[in-house]
Amino acid sequence: MQDNDPPLMRVVNLTHMYGDRIGCRDVSFDLYPGEVLAVVGESGSGKTTLLNCVSGRQQCSAGTISYRMRDRRLQDLNAMSEAERRFLMRTDWGFVHQNPADGLRMNVSAGANVGERLMAVGQRHYGRIRETADDWLGRVEIGHDRIDDRPGTFSGGMRQRLQIARNLVTGPRLVFMDEPTGGLDVSVQARLLDLLRGLVDDLGLSAIVVTHDLAVARLLSQRMMVMKDGQVIETGLTDRVLDDPQAPYTQLLVSSILQV
Amino acid sequence: MYVAVKGGEAAIDNAHRLLADRRRGNRDVADLGLDQIMEQLSLAVDRVMSEGALYDRELAALAIKQARGDLIEAIFLARAYRTTLPRFGYTQPVDTGRMQVERRISACFKDLPGGQLLGPTFDYTHRLLDPALAGGAAPETPEVREPDAAPMMRVSDFLGQEGLLEPAPDPADKPVPDDIARNPMSYPMDRDARLQALARGDEGFLLSMGYSTQRGYARSHPFAGEIRIGEVELEIAVPELDFAAPLGRIQVTECQMVNQFQGSAKAPPQFTCGYGLVFGQAERKSMAMALVDRALRATELGEDLTAPAQDEEFVIAHSDNVQATGFVEHLKLPHYVDFQSELNLVRQMRAEVEARGETHQEAAE
Amino acid sequence: MNSLDAGREQVIATYNFAYLDEQTKRMIRRAILKSIAVPGYQVPFASREMPMPYGWGTGGVQVTAAIIGPDDRLKVIDQGADDTTNAISIRKFFERTTGVETTTLTADASIIQTRHRIPETPLTAGQILVFQVPIPEPLRFLEPRETETRTMHALEEYGVMHVKLYEDIARHGHIATTYAYPVKVEGRYVTDPSPTPKFDNPKMHRNPALQLFGAGREMRIYAIPPWTEVVSLDFEDHPFEVQAFERPCALCGADDVFLDEVITDDRGGRMFVCSDTDHCNTRQAEGHAGEQEA
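Note on numbering: residues in each chain are counted from 1, in written sequence order. Chains and ligands are labelled sequentially in the order written, the chains with letters from A and the ligands with numbers from 1. At least 70 in pLDDT is required for a residue's local features to be given in this predicted model, at least 80 for side-chain atom pairs to be given and counted, and no such filter applies to totals for whole chains, interfaces and linings, which use all residues. Where side-chain values are given, they derive from all heavy atoms of the structure, hydrogens and water being excluded.

Draft legend 1. Layout of unusual backbone geometry. Looking along the chain, the bond that leaves B:Y187 and enters B:P188 is cis, with omega of -5°. Helix and strand labels come from DSSP, where a helix needs a run of H or I of at least four residues and a strand needs a run of E of at least two; each type is numbered from the N terminus. Note that B:P188 resides in the loop between α7 (155-161) and α8 (191-199). Phi is positive for A:E179, close to 45°, though the residue is something other than glycine. By the secondary structure assignment, A:E179 is in the loop between β7 (174-178) and α7 (186-203). When its relative accessible area of 9% is taken as the criterion, A:E179 is described as buried. If you check the backbone angles, C:Q79 has positive phi at about 60° while not being a glycine. Among the secondary structure elements, C:Q79 is positioned in the loop between β2 (73-78) and α4 (85-98). Only protein chains enter the area calculation, which uses a 1.4 Å probe; residues under 20% of their type maximum are buried, those over 50% are exposed, and those in between are partly exposed.

Quick look at the structure:
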């Protein structure tokens, strides 16, 4: 698949500075359709800055980010108008926050949370919106009887699954995830990862997942980038990087977790 | 039989007559003169001038009398009058360094050129009610120093010389300041517009917001760098003249808070300044204003926004007491139509709930 | 007063026609023209303090003051009635400051300033309806931040409006917004119709009169020019509906109007009468009668 299809996203020499301090520097990569890329590193390594820049949530200081639109044209993100960028963000992209409260409307029902994107792109049939929302709640294993409940009454794992449904309802092609399993119990994490892996496979999604957890990278991604001090120090197929790390820092990172 | 209510007009006229009567009170008590208000309730006059944004002691005194001592109502009267006045022009920036100082204190330095001048302050009075004052006892003649014509350097100037305090904004960066009375406010605001809004903001509101920063909601480590009260000269540039023409003198209170600052990507570590300037003698208001000004500079200085006092839209949009009192009090106006709509809806929803209840019951039976 | 000199008394006593100075009127007229050019868009203007409190119609009063001329005939209503106290107060203000003729007859007025209602008598081309608006921003209670709502309007991000309606239906089975019901103007801007009951929303659609909205405290003016499309937000399967009353007006028998509920005794007795007093009086004069009269 990767041999034939052109990349979905192309990032070239992306740099972001906070004043004199480096956020991330000279990052380049291609992301192919259906590919999951994990960005790993410790906190402060620049992985979240990178994610915010490539997802259009933050303006980068230098470099280019291009995205292949549905009409197959490659478009420079910085050259897009704010309106085009926002439209992309609520239709063709998803963003899963570490803290579900940042990605959900906590004061409206689960159904409205899932339905919002549909309404934002012009759907005006209540019955069909509700039906779609109901269907998505089922796919993320939330009971149908919870559709009118507010996320505040949900457990952490359910909120995270609701946030995922809210993002996937418009059939995006690319999803950004920031520590999607952070803050969850280990057993809940495992279930969520299972679910995510299933959805990514079923929908043929591309994703960029930022995580400090190598197990998440192992389970979800085909390829990974290791970051340190704002720079990419190693990149490659996930299994290769984890089983045969080249850079000394990656070796340290891999050896620091228990071998399973 | 029902007839729609009429006679609102007569009712309004009657209410106004009654108000005038109550305002005057017992006719055996002498009528209050504006000169008495100006002379003996001068801090109330100052507050009406500053929040009414109109420097005129006599009109402020009239407003206080007409408002029966309700200062927010008096401020409203002053503003409503001010809005009809033509705008002739803008004065030159006032130089508070050349102020004819009556009071000047600094909490940062024990002594400094020009000295500490307590002036007419409540600060060290013991708050004991004074029966002699009730009896109208004449006060002693105060000790007054010879007026000193030499300018009294400001604490910010001393600190600025060493580069320890951020420099004051350069007027050349914005030769024509904003004018919130003439231009619609829009967020985010520049500091000049924000300071104008704060200068006429409600004293109580600013006091509470400033206080909240001291209690940890956006703590800014303030020191009262300097507070000075006195008269400054107003001058206006006239195109035909090659010097600025003097217009007269006004009394103002200026407060410069000096705040610790760690430095950021854009600025080295240095002290920063929160600024307050108010008409008349209004120390509390100028200090509160300086605290809030500093808190509202959070974005400019790259600080985290964590507290209400740092939220420009929240603070500025709710600081004007004429706006606030109007909107709160408008709830007195009739809302029959909207209430009728809500009444119908609540009845409908109650009927629906009842109907559902009956269905449940039937199902159970 | 005694200590104010005579010259100053004169200054206080003389006001310009319609109170505002001509420069201010020009500024407001520019905002009005812009608002007509961009239907439904909230134009910021440098609202002035008026001699009545903010929240009591200062926006509407400024709009009326900016457009009124000596030949105009003014009608002022509040809650549909000409004789509610605030309507009287505003009418007197313009009588005093302009000397123009006033009327209670909708058909005779060239300018109608209103709070919370649109007259039942259809308006005609050439008339101007001026609304007093407390909160002009329809997104305000979903997003309190001005900087954010401005962006939402600019980018037409209105999904959140339907989220509110969705929640109503999910909870109550129907839309539970009864007044200040949001509309979309000319297919572009989502706009607040001011707190009129939704009963009046259809009257805004393709109305031959010019509809101007003034929000003094919030410093915004917006407009619905004559014959403009005004659509109340809804769902295809839960279409917008206006309130219906079970009974006709007890005084004039009208059954297609908005009614006020009047409590007639302390034993739960009540009756329903027209909220639009001029409409009711006119009908009664024409010989229509409700159950009370019959």
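Draft legend 2. Main features of the layout of surface pockets. Of the voids in this model, the second largest pocket is the one considered here, and its volume is about 2,000 Å³. Residue lining of the second largest pocket: 41 residues in total, with B:H16, B:Q66, B:E73, B:L77 and C:P51 positioned closest to the centre. Mapped by element, the contributors of at least two residues to the lining of the second largest pocket are α1 (8-24), α4 (57-66), α5 (71-82) and α12 (321-329) of chain B together with α4 of chain C. When the residues that make up the lining of the second largest pocket are grouped by side-chain class, the tally is 24 nonpolar, 8 polar and 9 charged. Space inside and on the surface of the protein is sampled on a 1 Å grid over the protein atoms alone, with a cavity defined as a set of points where a 1.4 Å probe fits but cannot get out and a pocket as an open set with protein on both sides within 12 Å along at least 5 of 7 lines; lining residues have an atom within 4 Å of a point. Grid points are joined across faces, edges and corners, and a volume is the space filled by probe spheres set on the points. Residues are grouped as follows: nonpolar covers Ala, Val, Leu, Ile, Met, Phe, Trp, Tyr, Cys and Pro; charged covers Asp, Glu, Lys and Arg; every other residue, Gly included, is treated as polar.

Draft legend 3. Expanded view of the pattern of salt bridges. All names here are of chain C. Any carboxyl oxygen of Asp or Glu within 4 Å of a side-chain nitrogen of Lys or Arg constitutes a salt bridge here. This structure, assessed with the given rule, holds 72 salt bridges over all chains. Residues R217 and E218 are paired through a salt bridge, measuring 2.9 Å at the closest nitrogen-oxygen approach. When its relative accessible area of 14% is taken as the criterion, R217 is described as buried. A relative accessible area of 22% means that E218 is categorised as partly exposed. Notably, a salt bridge pairs R267 with D265, separated by 3.6 Å at the nearest N-O pair.

Draft legend 4. Structural detail: the interface of chain A and chain C. Contacts are residue-level and defined by heavy atoms, with any inter-residue pair within 4.5 Å sufficient. Contact with chain A, which involves 23 residues of that partner, is made by 18 residues of chain C. Each of two parts loses accessible area, computed with a 1.4 Å probe, when they are put together; buried area is these two losses added. Taking both partners together, chain A and chain C bury about 1,800 Å²; carbon and sulfur atoms supply 57% of that area. Per-residue buried area on chain A facing chain C is highest for A:R86, A:R124 and A:Y126; these three make up 40% of the total on that side. The partner of A:R128 in a salt bridge is C:E236, with the nearest N and O atoms 3.5 Å apart. Any pair of nitrogen or oxygen atoms within 3.5 Å is treated as a polar contact; in protein, a donor-acceptor pairing is required on top of that, and neighbouring residues in sequence qualify only through side-chain atoms on both sides. Run the count over chain A and chain C and you get 11 residue pairs in polar contact (both at pLDDT 80 or more).

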